[in-house]
Amino acid sequence: PLKCKIGPSILNSDLSMLYEESQKLLDNGADYLHLDVMDGNFVPNLTFGHPVVKCLRNKLRKAFFETHMMVAEPEKWIEGMADANVNLYTFHIEPVMDEVISLCRKVKEAGMQVGLALKPGTGIEAVRQYIEHADIILIMTVEPGFGGQQFMSDMMPKVQWLRHNYPNLDIEVDGGVGLNTINACAEAGANMIVSGTAIIKSVDQKAVIASLRETVES
Ligand code: DX5
Ligand code: ZN
């Protein structure tokens with residue numbers, strides 16, 4: 001079986017203490033950090049970019065960083081994120097449909113793994129032809145832009161289809177995933193679990209991360 005990983009999203013943490021919050025998540029059992037990058041254009045919200053990610057990298061040299069690029073021009077930030085030693089560069093295919101293959105190549109040439117993300121309204125057929133070029137596929141289970149939204153269980157058929165056709169693919173889910181919704185994700189076949197508010201707002205992060213992991217591994 002594929003190894004399951006839990007990647008907390010720091011979006012709803014106290015961003016004035018990004019390093020402390022990230023270190024705490026790693027100490028509490030996070031397998032990787034899911035860093036939500038928003039440009040105020042692809043999504044109606046802003047977070048941070050590669051300069052901040054690079055500062056975080058200087059303090060957390062070993063952690064696995066995924067940047068979830070909710071941006072209209074993913075090509076623009078490849079170099080900066082590679083320079084920040086990002087491990088996995090996950091971008092949305094919607095604004096760059098005709099360039100997905102060349103972008104995948106550029107991300108890999110820059111030394112990062114590449115992920116392809118789908119908004120809830122984007123059907124699986126849109127990514128089908130690109131799967132072989134990607135290291136992971138991210139199925140969004142909320143509309144990207146904000147943490148703390150409600151999980152969309154009707155996205156699970158996409159995960160099921162991917163798992164059925166690609167038994168070895170890393171499949172990530174993101175949005176509204178917590179103790180009540182992770183079961184559906186695990187059953188559908190997701191093996192990379194992003195969870196934001198469910199972890200950040202809990203009183204016992206370590207316990208929540210452990211039970212998330214238990215569900216997805218059982
Ligand atoms: C949404 C982000 C998610 C989000 C997850 O735009 O991509 O990573 O922060 O947070 P929760 O788990 O609270 O939905
Ligand atoms: Zn995200």
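These numbers come from a predicted model, not from an experiment. (Residues numbered from 1 in each chain as written. Chains lettered and ligands numbered in written order. Predicted model: local features only at pLDDT ≥ 70, side-chain atom pairs only at ≥ 80, totals over all residues.)

A word on the overall build of the protein chain
Logical step 1: The helix and strand inventory of the protein chain stands at 8 helices and 8 strands.
Logical step 2: A globule of 218 residues ought to have a C-alpha radius of gyration of about 17 Å, and the protein chain, at 16 Å, matches this closely.
Logical step 3: Seen through its C-alpha atoms, the protein chain measures out along the principal axes to roughly 45 × 40 × 30 Å. (Helix = DSSP H or I, 4+ residues; strand = E, 2+ residues; numbered from the N terminus. Rg over C-alpha atoms; globule rule 2.2 N^0.38 Å.)

Describing the sheet that holds strand β6 (residues 136-140)
Logical step 1: Spatially, 8 strands are ordered β1-β8-β7-β6-β5-β4-β3-β2 in an open sheet, and the strand pairing comes out parallel. Unpaired on one side and paired on the other, β1 (5-8) and β2 (33-38) mark the two borders of the sheet. Direction aside, neighbouring strands of the sheet carry axes that sit 25° apart on average.
Logical step 2: As paired elements, strand β3 (residues 65-70) and strand β4 (residues 88-92) share 4 bridges and run parallel to each other. (Pairing = 2+ DSSP bridges. Axes fitted to C-alpha atoms, helices over the stretch in contact; angles between N-to-C directions.)

Describing the UniProt feature "binding site: a divalent metal cation" (unreviewed entry) in the protein chain
Logical step 1: Here, the residues flagged by UniProt with the feature "binding site: a divalent metal cation" (unreviewed entry) are His34, Asp36, His68 and Asp174. The greatest C-alpha distance among the annotated residues, which extend across 141 residues, is 10.6 Å, indicating that they converge on a single site.
Logical step 2: With respect to the helices and strands, Asp36 occurs in strand β2.
Logical step 3: Here Asp36 falls in the buried class, since 24 other C-beta atoms lie within 10 Å of it.
Logical step 4: Beyond its immediate sequence surroundings of up to four residues, Asp36 is in contact with Ser9, Leu11, Thr47, His68 and Met70.
Logical step 5: Each residue touching Asp174, except ones within four places of it in the same chain, is listed here: His68, Leu138, Met140, Thr141 and Val194. (UniProt positions renumbered as here; feature names shortened; annotations may be inferred. Buried ≥ 20, exposed ≤ 12 C-beta atoms within 10 Å, placed from the backbone. Contact = placed C-beta atoms within 7 Å.)

Some words on the site of ligand 1
Logical step 1: Around ligand 1, 22 residues are found, and the nearest of them are Ser9, Leu11, Gly147, Gly196 and Thr197.
Logical step 2: Put simply, the parts of the chain that give the shell around ligand 1 at least two residues each are β2, β8 (192-195) and α7 (197-200).
Logical step 3: For the shell around ligand 1, the class distribution of residues is 7 nonpolar, 13 polar and 2 charged. (Near = placed C-beta within 6 Å. Nonpolar A, V, L, I, M, F, W, Y, C, P; charged D, E, K, R; others polar.)

What to know about the UniProt feature "active site" (unreviewed entry) in the protein chain
Logical step 1: In the UniProt entry, the feature "active site" (unreviewed entry) is given for Asp36 and Asp174. A maximum C-alpha distance of 10.6 Å among these annotated residues, which run over 139 residues, shows that they cluster at one spot.
Logical step 2: Inspection of the secondary structure puts Asp174 in strand β7 (residues 170-174).

Some thoughts on helix α5 (residues 156-165)
Along an α-helix, residues three or four apart share an orientation, since each turn contains 3.6 residues.
Logical step 1: Those residues of α5 that sit buried are Met156, Lys158, Val159 and Leu162. The arc enclosing the buried residues of α5, seen along the axis, measures out at 155°, which places them on a common side. Residues of α5 that are exposed and point over 90 degrees away from its buried face: Pro157, His164 and Asn165.
Logical step 2: Looking at the packing, one finds that the buried side of α5 touches β6, β7 and α6 (182-188). (Arc of directions from axis to C-beta.)

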